[in-house]
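# Fold and geometry: a report
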Amino acid sequence: MILFASLAVILQWFVLLIIPDIARPGIFFGVTVAPGFDTSPEARRIRGTYRATLILSSLAALALIHWAPFFPGGRIALALPIQVAASMAGWIRANRQVKQFARAGETIRSASLESRPVRMPGGWLFFLGPLLVTAFAGVLLALNWSLLPDPLPVHWNIQGQPDRWARRTAATVFAPLLIVTFVNIAMLVMARHILFHTRQISVQGAAADREREFKRFNYLILVFAAYMGSLIGAMLAIRRIGAAPGIRPGGWPFFLILPVAIMAAVLFYAIRYGQGGIGRTGAPGATLGDLTPDACWKWGMIYYNPGDPAFLVEKRMGYGWTFNFGNKWAWVFLLLILAAPLLLALAT
Amino acid sequence: MTSPPIVTIDPESDVPAYRQIVQGIRRLLVDGVLEPGGRLPTVRQLAVDLGVHFNTVAQAYRVLADEGWLELRRRRGAVVVDRKRPAAPDKERQDYSLRRLRELTAEFRAEGMPVRQIALQLRRLADVIEGAS
């Protein structure tokens, strides 16, 4: 467990390290700057301070995991949030410093009048696959009801041992699958939205093509993540059939393969192509910045712009999309996602 | 690779955004860049791309539809029409036109024009329109 937590800290350090360098051209620590600013002495100094914060916070997290004089579970649980919090503080400091060098982004807005592609990669069957997997698991559970243990394990500790049981009822048996389905629907909705309805920032040239590829990749990653959730949820559910009440779900290494593979793919793509599929180096046809006003970003992390009809916008800190918190549908969507764990807790 | 047709707006301009969109698309239509049968993005999509309210794009599309350039399809964007064969207006628009015609005849009657003469003129007008079509 200590090894696993240490690896997580190192991975997180690496992710936080590359974040400022995968941004779109003209974005530095969440602020719109002049082209080439990121190689200036000021930018190097700001980036250096941020990196020093990362190193210190990561070393502190590792020290906490290995040598802190209190119980292991607690210190491991604390290490990652401490590392993230310290890194965020470093980012916010850098964001404030870069604001002194901010410049106005593109004011002229352009849009392509070409209608968007209407085909989803892999088609509808691939898209709906995660829901079919959980539906299949649900049918298997219903057909083998009498073989399910009673009481039923409903929660496992980090070592994979069941630590909570409940009476065998429809709620305790099917709730986990329903929650997985619910989360998957949210991910699939986002995947489709990214592919078809997010803003096309670069409208022509190689930059536009790369941006379309970027959306396609993010669509596939989200659908694969939904498959991962479905497969893990379905396997956990099915393995209860015919098992003793103290069943260990087992197979944890297998469950780790899928998220690690997805994470590796995202990291590879982010490093190779960068945010928006064009990254810092840019591409012919790329616009300066991301067409969102700096004034609507808090610390380069949170976007709030009621005047922007976009539901999702490209992140300025990191890779992918974030919500426009000025859009009421973003709040509705987030509340629905947060309702899922609550439903699970109530049902079991 | 050819460049896609592009519409551009300046949010800081004194010209309202919807009018800038109308002017941009009209220019592409007049130049033949957008050809009959071609589909434009949905209102939502163009609004998101330009960072303007949905109603702004909807208004621009309505203006172009009223001019006979576009046929609006609910949730499916707009289709460029051949202006030689303009699409039939929707029911709302037809009702509005008929109402205007009735109001006009009522106005003639209020001004004292004989009913028979109004009917005669309308019949003649109908003959001319049918003859032209």
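Everything quoted here is computed from the prediction, not taken from an experiment. (Residues numbered from 1 in each chain as written. Chains lettered and ligands numbered in written order. Predicted model: local features only at pLDDT ≥ 70, side-chain atom pairs only at ≥ 80, totals over all residues.)

### Observations regarding the overall build of chain B
In terms of regular secondary structure, chain B is built from five helices and four strands. Along chain B, from the amino end to the carboxyl end, the secondary structure elements read β-α-β-α-α-β-β-α-α. The dimensions of chain B, computed from C-alpha atoms along their principal axes, are 65 × 30 × 25 Å. In chain B, buried positions account for 26% of the 133 residues. Counted over contacts in chain B with a minimum sequence separation of 6, partners at least 24 positions apart contribute 41%. (Helix = DSSP H or I, 4+ residues; strand = E, 2+ residues; numbered from the N terminus. Buried ≥ 20, exposed ≤ 12 C-beta atoms within 10 Å, placed from the backbone. Contact = placed C-beta atoms within 7 Å.)

### Structural notes on the overall build of chain A
Of regular secondary structure, chain A possesses eight helices and nine strands. Computed over C-alpha atoms, the radius of gyration of chain A comes to 23 Å, within 12% of the 20 Å expected from 2.2 N^0.38 for 348 residues, which places it in the range of a compact globule. The dimensions of chain A, computed from C-alpha atoms along their principal axes, are 65 × 55 × 30 Å. Residue burial in chain A is summarised as follows: out of 348 residues, 34% are buried. Considering only contacts in chain A between residues 6 or more positions apart, those separated by 24 or more positions represent 71%. (Rg over C-alpha atoms; globule rule 2.2 N^0.38 Å.)

### Quick look at the nonpolar core
Counting 51 residues, the largest nonpolar core has Ala-191 and Leu-222 of chain A together with Ile-21 and Val-57 of chain B as the members making the most contacts within it. Contributing elements (two or more residues each) for this core: α5 (170-197), α6 (205-238) and β8 (312-314) of chain A together with β1 (6-9), α1 (17-30), α2 (43-50), α3 (54-66) and β4 (77-80) of chain B. Look past the residues within four positions of Ile-21 of chain B in its chain and what remains in contact with it is Val-7, Ile-9, Val-57 and Ala-60 of chain B. Ile-19, Phe-28, Phe-29 and Met-317 of chain A belong to the second largest nonpolar core, which has 19 residues in total. (Core = buried A, V, L, I, M, F, W, Y, C linked by C-beta atoms within 7 Å.)

### A look at the domain arrangement of chain A
All names here are of chain A. Taken domain by domain, chain A comprises domain 1 (2-101) and domain 2 (123-347). Taking only C-alpha atoms into account, the centre of domain 1 sits 24 Å from that of domain 2. Counting residues at the interface gives 18 residues for domain 1, matched by 22 residues for domain 2. If you list the elements that add at least two residues to the side of domain 1 that touches domain 2, you get β2 (31-32) and α3 (72-98). Looking at the side of domain 1 that touches domain 2, the element that brings in the most residues is α3, giving three residues. Tallied by class, residues from the side of domain 1 that touches domain 2 come to eleven nonpolar, four polar and three charged. (Domains from an automatic or database assignment. Nonpolar A, V, L, I, M, F, W, Y, C, P; charged D, E, K, R; others polar.)

### Some remarks on the interface of chain B and chain A
Reports of interface size often rely on the accessible area that becomes lost once the parts have come together. With 26 residues of chain B at the interface, the matching set in chain A holds 19 residues. No other element matches α2 of chain B, which puts seven residues into the side of chain B that touches chain A. Across the side of chain B that touches chain A, the residue classes tally to 15 nonpolar, six polar and five charged. Where strand β3 (residues 109-112) of chain A lies against β1 of chain B, four bridges are found, and the strand directions are antiparallel. What sits directly across from Ser-112 of chain A, in β1 of chain B, is Ile-6 of chain B. (Pairing = 2+ DSSP bridges.)

### Examining the sheet that holds β4 of chain B
All names here are of chain B. On the basis of which strands lie adjacent, the open sheet formed by three strands has the order β2-β4-β3 and antiparallel pairing. Where the open sheet ends on each side, the last strands, each with one partner, are β2 (39-40) and β3 (70-73). Where β3 lies against β4, four bridges are found, and the strand directions are antiparallel. Across the sheet, the residue bridging to Arg-73 is Gly-77, located in β4. Here α3 sits on the sheet in contact with β3 and β4, set at roughly 130 degrees to β3. (Axes fitted to C-alpha atoms, helices over the stretch in contact; angles between N-to-C directions.)

### Here we look at helix α4 (residues 91-110) of chain B
Owing to its 3.6 residues per turn, the α-helix aligns residues three or four sequence positions apart on the same side. Residue and element names in this part refer to chain B. Taking 1.5 Å of rise per residue, the 20 residues of α4 would be expected to cover 28 Å, and the 28 Å separating its terminal C-alpha atoms lies within 8% of that figure. Counted residue by residue, α4 has zero buried out of 20 residues, so it is predominantly exposed. A positive phi of about 100 degrees marks Gly-112, the residue just after α4. (Expected span 1.5 Å × (residues − 1).)

### Points about the domain arrangement of chain B
You can read the domains of chain B as domain 1 (17-80) and domain 2 (91-132). Using C-alpha coordinates to define each centre, domain 1 of chain B is positioned 33 Å away from domain 2 of chain B.

### Let's talk about the packing of α2 of chain B against α3 of chain B
Residue and element names in this part refer to chain B. Relative to each other, α2 and α3 sit at 120 degrees, their axes nearing to 8 Å. It follows from the interaxial angle that α2 and α3 lie oblique. In this structure, α2 meets α3 at a crossing whose hand is right-handed. Packed against α2, whose contacting residues are Val-43, Arg-44, Leu-46 and Ala-47, the element α3 presents Phe-54, Thr-56, Val-57, Ala-58 and Tyr-61 at the interface. Taken together, the residues that form the contact of α2 with α3 break down as seven nonpolar, one polar and one charged. (Parallel < 35°, antiparallel > 145°, perpendicular 65-115°, else oblique. Left-handed = near helix turned anticlockwise from the far one by under 90°.)

### Focus: the confidence of the model for chain A
Averaged over chain A, the pLDDT score is 86; the fraction of residues at 70 or greater is 91%. Looking over chain A, one finds the lowest element-wise mean pLDDT in strand β4 (residues 152-156) of chain A, namely 75, and the highest in strand β7 (residues 302-303) of chain A, namely 96. (pLDDT = per-residue confidence, 0-100.)

### Some words on helix α2 (residues 41-67) of chain A
With 27 residues, α2 of chain A ought to run about 39 Å at 1.5 Å a step, and its terminal C-alpha atoms sit 38 Å apart, in line with that. What α2 of chain A keeps buried is the set Ala-43, Ile-46, Tyr-50, Leu-54, Ser-57, Ser-58, Ala-61, Leu-64 and Ile-65 of chain A.

### As for the environment of Val-173 of chain A
All names here are of chain A. Along the chain, Val-173 turns up in helix α5. Overall, Val-173 belongs to the buried group, with 22 C-beta atoms counted inside 10 Å. A sequence separation of 64 residues divides Val-173 from Ala-237, and the C-alpha atoms of the two residues are 7.8 Å apart. Ignoring anything within four residues of it in the chain, the contact list for Val-173 reads Leu-141, Leu-148, Leu-152 and Arg-168.

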